[in-house]
Structure formats: C-alpha cells, structure tokens
Amino acid sequence: MDLRVSPTDYKRILVEALSKLLREDASETAERALRRALREAGPGIGNIERKTIARWLFGTSSLRARISFVLDSLSDPIDARDTVIAFVTVYVLMEQDKYFADPLLAKEWLAYAADTIPDTLTAIQRASANPANITWPSIHDPIQHVSICYSYPTWLASLMVQSCSNPEEDNSQVQAAAFKLANAFNHPGPPTFRGNLAKCISRENLIESLRTVNIHCIPSRFSNAGVHVPGDVKPEIRNNPFNKDGSFDVQDEGSQLISIATGARAGMRVVDLCCGRGGKALHLLDMMKTTPSALGDGSDGGILVCHDVDAATLRQAKQRLDKFLPHNVQVITVCSSHPEPQVSLSLTGGRGGDVSFPSATVSTEPNPHSTSPIQIDDASINNIPIHIQQVLAAMGGHMADIVLVDAPCSSLGTLRRGPNVRWEMAPESLRIFPPLQKAILASATRLIRLSGTLVYATCTFNKAECGDVQAWFDQTFGNAFKPAPLVDVLGEAVMRGLVGDGGGDDWRTRSSVQLLPHLHGTDAFFICRWVRET
C-alpha cells in the first residue's frame, strides 16, 4: 500500500496498524497492534499524536461494521489501497464528535484525505451531511440493526437482543432496550473511584481532597463510597497523592455494589472465593474495618480469606492488601495450586495509616482494560481445584459467614471499556462459562454456615451466565439455600433506583439484579444473593 506520507507521520502509523487489524485473517488484538505501532514509531512521535493513534485505531476498528456499511452505500467503489484511509475518514466525519472530540487533528486528517482520496472524501462528506439518506437496516430486524448501526458481530447483537427480551414487554420495547444497550457500550464510562472509608473517612472528604488536586468529582448514584469524574475529563492519577496514600481505588460502581451486597462487617468470617487481583477483596476489607458488628457488642476484626487458583494474580492481591496493614482483620490468601495458606499478620491499631497504595491510572485511551475471555478446557470443569479444607483451615475450622463468588465469566459487561474486544472474542468461548460457574457455586456451598450468605456475581449480561445459573442453583440447592432480598444489604433507596419506577414493590423481595450501562450508568453486572437455611 502506498501510504503517500512521510515515514514519521502519525497518519502513516495509524493507517499501517489499521490495515493489519482490519484484515479478515487478522490474529492480532487491537491492544497488541497499538503497542507494536507505537513501539515501531519510536521516540520521535509526540504524546498528542500517540493518543490520537490510540483513539482513532480503537474507534475505527470497533465501529468497523457501521463504517463498512457507510462505505458500501457510496455509489463508486473504493480503491483497495485507499480503504483504510476511507475508514478513518468516515470515523472522523461521522463518529468522532460522539466519542473523542479532537477538532484540530480531525481537520488535519481531512486535509490529508483531500490529498489522497479526493473523490471518496467528497462522497463521504455527502453521506455524513445527510445520514438519513443511507438505507440503514430496519428496526424491525433488531439483530441486523444492532449489528450494523451500532457495530457488533452478529452473534453478539443477537445476544444483546436476547438479554433484553421480556415476556411482559412487546417487541418494540425489547427492540428499544436492545438499541439503548448497544449504544451505551459504544460510549466509555466515566472514571469512577471507590473511597477507602477507613482512610478517607467519608465520600465527602474524598471529594474535597480530590478537589485540591483539580479533580472534580460528584457522588455516584448507588454506592455510598463511589464518586464519578463527570464529563469527558480523563484525569491522570498515577502520581495523585490521595491515590498513593490509599484514600481511593479505581473501581466501577457496579463492581462496588457486588461487595456491598455481601453485607460484610466487623467480626465476620468472609471468603472471596475468586479473588483475582483483589479489587473486591480490598472493598470487603474496608467494609470489615468500618462497618460495626451486627451483634452490637463493639467487636471488631474478623477473617478475610482470599482464594484463587492462579498464584500470580493472588500474589498481586496479597501485595495490594498488605499495603493496608496494620488493621484488626486477619487476611489470609489461599491458592489451590499452592500447598500452604499465606497469612498477612495483622496488628491491633488504627484505620489503615498512611500506607502506600499501588499506582493506578484512568487511561485516556478507550481500552484501558483487556477483557479477553479466560480459556478453560472442558475436562477441567469437572475437576475444579478448590481446596475446601484449606479454606476452612484458614478460618480455624469454622464455616464462613459470607462467601462471595465473583465468578470467571465472559466479561461482556466491560465492552465500553474495551470497545474492540467485541471483534476479538470467539462466540464458542462463551459456552465454557456456565458449567464452570455452576461448579464453583457447588463448591462454595460447602463453606457456608447455617444462616450464612452466598453472593454470586458476574460481569456480563449473558443470561446463560446470569439468570440461568441462578435458576440452576435454586433448583439444585433450593432445599438448603433460599433467595435473600438484596434490600437487606443495599437498602431501600438503592433497590428502588436499581429496579426503576416500573418495578412496583419488586424491590422489596428481589434477590438478584442485572446492572446495565444504559439503565444504571455502570458496566453490566449480575448480582444474586442466597442465605443458608438448613
């Protein structure tokens, strides 16, 4: 391909990377394509240009179905060597202002397009000026409409429509909900922080502290510890002093609600069975340090057992949790592939102290988090390596008051944070998760005391991993575990907000909730709660 630009021009780098990424046989993810392109560009390219390459590469690639449809609607065919330039031009003219406004660089790109694809540019400008003249797929074919208009693989568009289906709603309502969901995943969520209340004392204090370093936040809608950075601001917080001292963590509000749904408090024995890198474990620890015992006897402390089957990620969790020593909660990490539990010996003392917190950033790029699915073979599902006896031993042989199963899942709920993941996932990979999730839940039942709580959560909207797993558990373990109303732990105001005006009094009894970006402003999460009765 003759790119017709100088070797150091960022436009050449962008077009080269996209030309490889958009090929049908492309094996490289957008993340890797970006890293390789910037590495090959060397130090001569500026920071603004690097950000532009990232934003436009992710934007153009993720919206490829919509952009292809626009180009196919043009009257004249496009020269193959100009296709990628035309792709970016459609993005700049028709999509750019919706996602990442950058008018100066957009103007520069259009001048480049005028030099390289003048006739095609004219046709694209006509189309962008009158998008209603493009014959888009009918809304009465919702799967095709979602796939083209919002740019998703057909299998994923179908999954979105299925997830919005409701026997109590007519087709037009289902279609409207699917379109809103698809559109929401095309817009990055706001930077969201969770205040560590043992350190910052209150959300209001955190907001005031961040204001002193020119980060202006507002309270989040549902979590008592959550704050949002409104608008299009993407603050760099790596060197933020309140990040370093542990006053807050970067965490989606939906993720925060999962920990809150456990009802963890001082004096409890709590198990985070799929701990990963410890994001929710940090929140559980904070809750156990700041929420008084339900007994009202002034007791504190408790045991937090962080379990995972991946030793490397569990080490990261332990490092993050150790940053909050000293405290009264005994934190024990248990890896089922490691022979012995590892204890973070805790001391009687204050509220966390001035400890160093792991660096975290809110990226200005559209894909700060990779959400590639976990690859698990069928044989491993029937041999889940959860060492129940190790977990029980970590609690002194006692059963747990709370077990959180934040299960491995398809991670479709984070599509707005990883916009190109939709084109990198294989639909066949989804089938592996429900059997795995059921196996983990079955193991979890062996850890919970009478009247103890089990919370199941996933970061997806795929019904097979959400409501279907809940129904399976009710059928399989319903004699011992009963659905537990979420209002008991989330409160009336939160549950009313989550259920919405159309839910009537449903908020009083609901034991599960599906969070969605277009309804709740969060990533898509599913949360379900049971209590052991026998």
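Note: the structure precedes this text.
First things first, this report covers the structure right here in the doc. (Residues numbered from 1 in each chain as written. Predicted model: local features only at pLDDT ≥ 70, side-chain atom pairs only at ≥ 80, totals over all residues. Heavy atoms only, no water.)

1. A short note on the nonpolar core
Under the convention used in this document: By nonpolar core we mean a set of buried residues, namely Ala, Val, Leu, Ile, Met, Phe, Trp, Tyr and Cys, connected to one another through side-chain atoms within 4.5 Å. Note on classification: 1.4 Å probe, protein chains only; a residue is buried when its accessible area is under 20% of the maximum for its type, exposed when over 50%, partly exposed between these limits. Elements are defined by DSSP. Helices are runs of H or I of four residues or more, strands are runs of E of two residues or more, and each kind is numbered from the N terminus.
One finds L14, I53, W56, L71 and W109 to be the most contacted residues of the largest nonpolar core, which totals 43 residues. Of all elements in the fold, only helix 1 (10–21), helix 2 (30–41), helix 3 (47–62), helix 4 (64–73), helix 5 (83–99), helix 6 (103–116) and helix 7 (118–129) reach the threshold of two or more residues within this core. Sorting elements by how many residues they give to this core places helix 5 first, with 9 residues. Counting 42 residues, the second-largest nonpolar core is a separate cluster that includes L257, I260, C335 and V494.

2. Details of the environment of D245
Rules: Pairs of N or O atoms within 3.5 Å make up the polar contacts considered here, provided that, within protein, one atom can donate a hydrogen while the other can accept it, and that residues adjacent in sequence are counted only when both atoms are side-chain atoms.
Looking at the element boundaries, D245 is found in the loop between helix 13 (241–244) and strand 4 (248–250). Separated by 78 residues in sequence, D245 and K323 place their C-alpha atoms 9.4 Å apart. A distance of 2.7 Å separates polar atoms of two side chains, one belonging to D245 and the other to S247.

3. Overview of the pattern of salt bridges
Inclusion rule: Counted as salt bridges are all cases of a side-chain nitrogen of Lys or Arg within 4 Å of a carboxyl oxygen of Asp or Glu.
On inspection of all chains with the given rule, the structure shows 17 salt bridges. Each member of the salt-bridge network shares a partner with another, and the members are D252, R416, R417 and D523.

4. Focus on the packing of aromatic side chains
Basically, it comes down to this: Stacked, tilted and edge-to-face are the three classes applied to pairs of Phe, Tyr and Trp rings, where Trp contributes its six-membered ring and a pair requires centres within 6.5 Å; stacked means planes under 30 degrees apart, edge-to-face means over 60, and tilted covers the rest.
Throughout the structure, instances matching the rule amount to 12 aromatic pairs. Seen in terms of ring centroids, W472 and F477 are 5.8 Å apart; in terms of plane orientation they differ by 75 degrees. Their pairing is edge-to-face. Since its relative accessible area comes to 22%, W472 is described here as partly exposed. Three or more aromatic residues link up through ring pairs in this structure, and these residues are W472, F473, F477, F481 and W530.

5. Comments concerning the side chain of T460
The condition is simple: Should any heavy atoms of two residues lie within 4.5 Å, those residues are counted as being in contact.
You can see T460 is positioned in the loop between strand 10 (448–458) and helix 20 (467–477). Side-chain polar atoms of T460 contact the backbone nitrogen of N462, separated by 3.2 Å. Discounting residues that sit within four places of it in the chain, T460 has contacts with S410, L412, G413, E465, C466, Q514, A524, F525 and F526.

6. Observations regarding the sheet that holds strand 2 (residues 218–219)
Keep this limit in mind: Strands were regarded as paired on the criterion that DSSP finds at least two bridges between them. Every angle, taken between N-to-C directions, lies between 0 and 180 degrees, and every axis is a line fitted to C-alpha atoms, over only the stretch in contact when it is a helix.
If you trace the 4 strands from one edge of the open sheet to the other, you get 2-3-1-4, paired in antiparallel fashion. Lying at the two open borders of the sheet, with one neighbouring strand each, are strand 2 and strand 4. Against the sheet, helix 12 (residues 203–211) engages strand 1 (192–195), strand 2, strand 3 (226–228) and strand 4, with an angle of about 35 degrees to strand 3. Sheet strands touched by helix 14 (residues 253–260): strand 1 and strand 3. Its angle to strand 1, the strand with the most contacts, is close to 30 degrees.

7. Describing helix 2
For clarity, the threshold we go by: What a helix is expected to span follows from its residue count: subtract one and scale by 1.5 Å.
Helix length check: helix 2 (12 residues) gives 16 Å between terminal C-alpha atoms against 16 Å at 1.5 Å per residue, within 8%. Those residues of helix 2 not exposed but buried are A30, E31, A33, L34, R36, A37 and L38. The inward-facing, buried residues of helix 2 contact helix 1 and helix 3. One or two steps after helix 2, the chain reaches G42, where phi turns positive at roughly 75 degrees.

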